[in-house]
Amino acid sequence: MTIDDKNLLNSILESLKNLNYIKPEDIPNIDLYMDQVTTFMDTQLASTKRHPEDKILTKTMINNYTKNNLLPPPEKKKYTKEHLLTLIFIYYFKGIMSISDIQSILNPITNKYFSSKDGMDLTAIYNEVFGLEYDASKILTKDIIRKYITSRQTFENADESDRDKLQLFSFLCMLSFDVYLKRMIIEQIIDTKLSRQPSDSVKKGAKENKKK
């Protein structure tokens, strides 16, 4: 993503418009080897890189996700479509969440729906979530425009030579505060709704065993 200082708002909006998303129909239906997985992710998400030399996904990352029980192990060194879907979710989560929080969110989903044969599977879940992206992008665009306009109304009495820098600082603070609040909400939901799931499932299993 590149942002031009000459027209900051238009440049931001243009960058958002040009960001690539991995569409459901773009995900291969065939199993891939590790190198093919990293190449696919790097190609599909190239526009999200901060620097050209950045890597979207590496072999080390994939192996670590497997070791941390975020990603089910490959089948005969090959990764299925559902492995790719899980990696896409991890990629979007990892920028704002810890590994343990990602586990809390993803594990209940992958444990139940990875390679599921009962109708609802990871592909269906991804398609449903992906369908929300368009409306979310429109709402985000309007919110960014509003924050930018508000920031340009700050520090009106500052020296003209300093005003742009101070207004830019205001804009960045507004964006950062928004991210901070959303991350805090996510963490609270994880702590109150998801962190209990393992213990609840254990208790449920114990009760069922007693009945038997």
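Residues numbered from 1 in each chain as written. Predicted model: local features only at pLDDT ≥ 70, side-chain atom pairs only at ≥ 80, totals over all residues. Heavy atoms only, no water.

Novice: It is not clear to me how the packing of aromatic side chains should be interpreted in this structure. Could you clarify?
Specialist: How two aromatic rings sit relative to each other is set out by the distance from centre to centre and by the angle between their planes. Tallying each qualifying case throughout the model produces five aromatic pairs. Aromatic pair Phe177 and Tyr180: ring centres 6.2 Å apart, planes at 25°, arrangement stacked. Taken together, the residues Phe177 and Tyr180, both in helix H8 (residues 160-194) and three residues apart, mark about one turn of the helix. Among the aromatic residues, those joined into a ring-pair cluster are Phe89, Tyr126 and Phe130. (Phe/Tyr/Trp six-rings, centres within 6.5 Å; stacked < 30°, edge-to-face > 60°. Helix = DSSP H or I, 4+ residues; strand = E, 2+ residues; numbered from the N terminus.)

Novice: Sorry, what's going on with the pattern of salt bridges here?
Specialist: Proximity of charged atoms lets side chains of opposite charge pair with each other. Within the structure shown, the criterion is met by eight salt bridges. Between Asp143 and Arg146 there is a salt bridge; the shortest N-O distance is 2.7 Å. Of this pair, Asp143 and Arg146 both sit in helix H7 (residues 133-151), separated by three residues, roughly a single helical turn. By relative accessible area, Asp143 is classed as buried at 18%. Exposure remark for Arg146: the relative accessible area of 46% places this residue in the partly exposed category. Arg152 is the partner of Asp164 in a salt bridge, and the nearest nitrogen-oxygen pair spans 3.3 Å. Taken together, the residues span a long stretch of sequence, with Asp164 in helix H8 and Arg152 in the loop between H7 and H8 at a distance of 12 residues. Three or more residues joined by partner-sharing salt bridges are found here, namely Asp143, Arg146 and Lys147. (Salt bridge = Lys/Arg side-chain N within 4 Å of Asp/Glu carboxyl O. Buried < 20%, exposed > 50% of the residue type's maximum accessible area, 1.4 Å probe, protein only.)

Novice: Would you mind going over the side chain of Thr38 with me for this structure?
Specialist: By secondary structure assignment, the location of Thr38 is in helix H2 (residues 34-44). The residues contacting Thr38, other than those within four sequence positions of it, are Leu57, Thr58, Lys59 and Ile62. (Contact = heavy atoms within 4.5 Å.)

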